[in-house]
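In case you want the letters, here they are:
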Amino acid sequence: MTDSGLIIVYYGNGKGKTTAALGIALRAIGYDHNVCMIQFIKGEWDYGELYSSNKLKPNFELIVTGKGFVGIIDDDHPIDEHIQSSKNAIKIAKEKISSNKYNTIILDEINYAIKLNLIAENEVIGMLESKPTELNIIMTGNYLSKKILDLADLVTEMKEVKHPYKKGIRAKKGIDF
Ligand code: ATP
Ligand code: MG
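Here's what I pulled together on the structure shown here.

For the chain, the helix and strand inventory stands at six helices and six strands. Element order for the chain, N to C, with α for helix and β for strand: β-α-β-α-β-α-β-α-α-β-α-β. For 177 residues, the compact-globule formula gives about 16 Å, and the C-alpha radius of gyration of the chain, at 16 Å, lands near that figure. Classification of the 177 residues of the chain by burial places 41% in the buried group.

Spelled out as structure tokens, the structure:
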């Protein structure tokens, strides 16, 4: 019997969704598994993982498609641009999923892109349903649709209990980015 891959979802208002996905990546790369992370939405900021991907070559590939935060902070992109870059992210995700090159694919912030209607939920469902059997897919972002909950094998809610941001402590290098 082939070993079925898992559909894993990290959502919720607490910190740790992307870092949990990266934690699995680190673990998997130890066994020479190939991991690809595609970032939806985020894009124009600096993240440690951008540089880690170079150090973890050839097992870790990071693809940035987004245009940064949508509608908040310093978002100066029209919504059409966000929709376009999400469409591009989905296109890349489909290619990567069907490439059979990876053991695990991380779709970072895809849940949030669904919530914002930047991508169609049905398109994501179709993509998950047609994934190669052994492939693991990890989805992050603070939203959980009922259909994705039903499809997923592992769902964890990151629930904020304390966050340094509430005390006015800004995002830290190596912890938050
Ligand atoms: P991380 O990438 O650190 O694992 P995350 O994926 O759970 O965080 P995102 O929504 O992607 O959460 O947020 C990314 C950034 O926002 C991080 O710098 C993180 O510390 C910060 N953040 C996450 N949750 C909260 C929160 N509840 N309040 C304020 N900032 C938060
Ligand atoms: Mg995140």
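Counted under the stated rule, the structure contains six salt bridges. Note that E95 and K91 form a salt bridge whose closest N and O atoms lie 3.7 Å from each other. Highlighted residues: E95 and K91, both in helix α3 (residues 79-98), separated by four residues, approximately one helical turn. A residue is classified by how much of its surface remains accessible, and E95, at 45% relative accessible area, is partly exposed. In this structure, E160 and K166 form a salt bridge, with 2.8 Å as the shortest nitrogen-oxygen distance. Classification of E160 as partly exposed rests on a relative accessible area of 25%.

The six strands lie next to each other as β3-β2-β4-β5-β1-β6, forming an open sheet whose pairing is parallel. In the strand order of this sheet, the two ends are held by β3 (60-64) and β6 (154-157), each with one partner. Direction aside, neighbouring strands of the sheet carry axes that sit 10° apart on average. Relative to β3, helix α2 (residues 48-55) is tilted by about 140°, and along the sheet it contacts β2 (35-39) and β3.

Quick look at the site of ligand 1 now. Near ligand 1 you find 13 residues, and of these N13, K15, K17, E160 and D176 are the closest. Within the backbone of G14, a nitrogen or oxygen atom sits 3.4 Å from an oxygen atom of ligand 1. For ligand 1, an oxygen atom lies 2.9 Å from a polar atom in the side chain of T19. Partitioning the shell around ligand 1 into residue classes produces one nonpolar, six polar and six charged.

This part covers unusual backbone geometry. Peptide bonds are mostly trans, and most non-glycine residues show a negative phi. The linkage connecting K57 with the following residue, P58, adopts the cis geometry, with an omega of 0°. Topologically, P58 is positioned in the loop between α2 and β3. For D32, which is not glycine, the phi torsion reads 65° and is therefore positive. Looking at the element boundaries, D32 is found in the loop between α1 (17-29) and β2. Notably, N117 is not glycine yet its phi reads approximately 60°, a positive angle. Mapping N117 onto the fold places it in the loop between α4 (110-115) and α5 (121-129). In this structure N117 comes out as exposed when scored by relative accessible area, which is 64%.

Rules behind the numbers
- Sequence order sets the numbering: in each chain, residues are counted from 1 along the sequence as written.
- Think of it this way: whatever chain is written first is A, whatever ligand is written first is 1, and the rest follow in order.
- Only residues with pLDDT of at least 70 are given local features in this predicted model, and only at 80 or more are side-chain atom pairs given and counted; all residues enter the totals for whole chains, interfaces and linings.
- Water and hydrogen atoms play no part in the side-chain values, which are based on all heavy atoms of the structure.
- Note on conventions: DSSP H or I runs of at least 4 residues are helices, E runs of at least 2 residues are strands, and numbering of each starts at the N terminus.
- The quantity called the radius of gyration is restricted to C-alpha atoms. Its globule counterpart is 2.2 Å times the number of residues to the power 0.38.
- Burial classes: relative accessible area under 20% of the type maximum marks a residue as buried, over 50% as exposed, and values in between as partly exposed (1.4 Å probe, protein chains only).
- A side-chain nitrogen of Lys or Arg and a carboxyl oxygen of Asp or Glu constitute a salt bridge if their distance falls within 4 Å.
- Paired strands, in this sense, are two strands between which DSSP finds at least two bridges.
- What counts as an axis is a line fitted to C-alpha atoms, over the stretch in contact for a helix, and the angles between N-to-C directions run from 0 to 180 degrees.
- Note on definitions: a residue-residue contact is assigned when non-hydrogen atoms from the two residues lie within 4.5 Å.
- Note on definitions. A residue lies near a molecule or strand when any single heavy atom of the residue is within 4 Å of it.
- Under the rule applied, a polar contact is a pair of N or O atoms within 3.5 Å (in protein, one hydrogen donor and one hydrogen acceptor; residues adjacent in sequence only if both atoms are side-chain atoms).
- Residue type decides the class: Asp, Glu, Lys and Arg count as charged, Ala, Val, Leu, Ile, Met, Phe, Trp, Tyr, Cys and Pro as nonpolar, and the leftover types, Gly among them, as polar.

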